[in-house]
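Residue-level listing of the chains:
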Amino acid sequence: MDKIKIAANIEWAFLNKVNEMSGKYQIDLCNLSPQAVKALAAMGINALNRDDKADKGYYITCKSARPIKAYDETGTIIPEDVLVGNGSKATCVVGYYEWQFKNKKGKSPSLIKLIITDLKTYDDGGDTVEIDGDGFNDSLDDIL
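A brief structural summary.

What counts, and where the lines are drawn
Residues numbered from 1 in each chain as written. Predicted model: local features only at pLDDT ≥ 70, side-chain atom pairs only at ≥ 80, totals over all residues. Heavy atoms only, no water. Patch = residues over 30% accessible without salt bridge, like charges linked within 9 Å, V, L, I, M, F, W, Y side chains within 5 Å. Areas by Shrake-Rupley, 256 points an atom, 1.4 Å probe, with all protein chains shown as cover. Salt bridge = Lys/Arg side-chain N within 4 Å of Asp/Glu carboxyl O. Helix = DSSP H or I, 4+ residues; strand = E, 2+ residues; numbered from the N terminus. Buried < 20%, exposed > 50% of the residue type's maximum accessible area, 1.4 Å probe, protein only. Phe/Tyr/Trp six-rings, centres within 6.5 Å; stacked < 30°, edge-to-face > 60°. Lys NZ or Arg CZ within 6 Å of the ring centre and 35° of its normal. Core = buried A, V, L, I, M, F, W, Y, C linked by side-chain atoms within 4.5 Å. Pairing = 2+ DSSP bridges. Contact = heavy atoms within 4.5 Å. Axes fitted to C-alpha atoms, helices over the stretch in contact; angles between N-to-C directions.

A cluster of nonpolar side chains, contributed by Tyr97, Trp99 and Phe101, occupies part of the molecular surface with about 320 Å² of accessible area. The topology assignment puts phenylalanine 101 in strand E5 (residues 89–101). Relative accessible area serves as the criterion here: at 55%, phenylalanine 101 is assigned to the exposed category.

Tallying each qualifying case throughout the model produces 0 aromatic pairs. Lying over the aromatic face of tyrosine 96, lysine 107 brings its terminal NZ or CZ to 4.4 Å of the ring centre. Its guanidinium or amino end placed over the ring of tyrosine 71, lysine 113 lies 5.0 Å from that ring's centre, counting from NZ or CZ.

What follows is about the nonpolar core. Within the largest apolar cluster, 29 residues are counted, with the highest numbers of intra-cluster contacts made by Ile27, Leu29, Leu32, Ile60, Leu111, Leu114 and Ile116. Secondary structure elements with two or more residues in this core: strand E1 (4–19), strand E2 (24–30), helix H1 (34–42), strand E3 (60–64), E5 and strand E6 (104–118).

Attention now moves to the pattern of salt bridges. In the structure shown here, the tally under the stated rule is 3 salt bridges. With a closest N to O distance of 3.5 Å, lysine 120 and aspartate 118 form a salt bridge.

As a further point, take the sheet that holds E6. A sheet is described by the order of its strands in space; here 6 strands give the open sequence E3-E2-E1-E5-E6-E4, paired in mixed fashion. Edge positions in the sheet fall to E3 and strand E4 (70–71), since each has one partner strand and no second. Relative to E2, E1 runs antiparallel, the two sharing 5 bridges. Within the sheet, the bridge partner assigned to glutamate 11 lies in E2 and is aspartate 28. Where H1 meets the sheet, its contacts fall on E1, E3 and E5, and the angle it forms with E1 comes to roughly 75 degrees.

Any link to function would need more than the numbers given here.
This is how it looks when you write it as structure tokens:
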């Protein structure tokens, strides 16, 4: 299996702005189901579960050298000026890539598609905007 479809809560979405700590665009996919954790492990990706970040449950961080596009359930790209906030919910297609650096090698998660199913925008006022619908149609198996 080289890609799976999972449901996740979104944290720390740096979709259109580089995260200063990593130097990449990135997003945390959180509160993964046991089935998603198992499917990721089968691909060689270990989901994290840290005591100091208990509210995240099992999670992975996907990083990219390019901006990450987010879509709503109708397939429309969410505009870059709409900042995806913590607590947003998404359906994601996740794969992996293999890497090697000096004497180390491994696999890291790759976010292939990000579909926001419940958008909570990040703006200093904390307002919430929801995108609802059931138009997601994908050839992959059920959401894990």
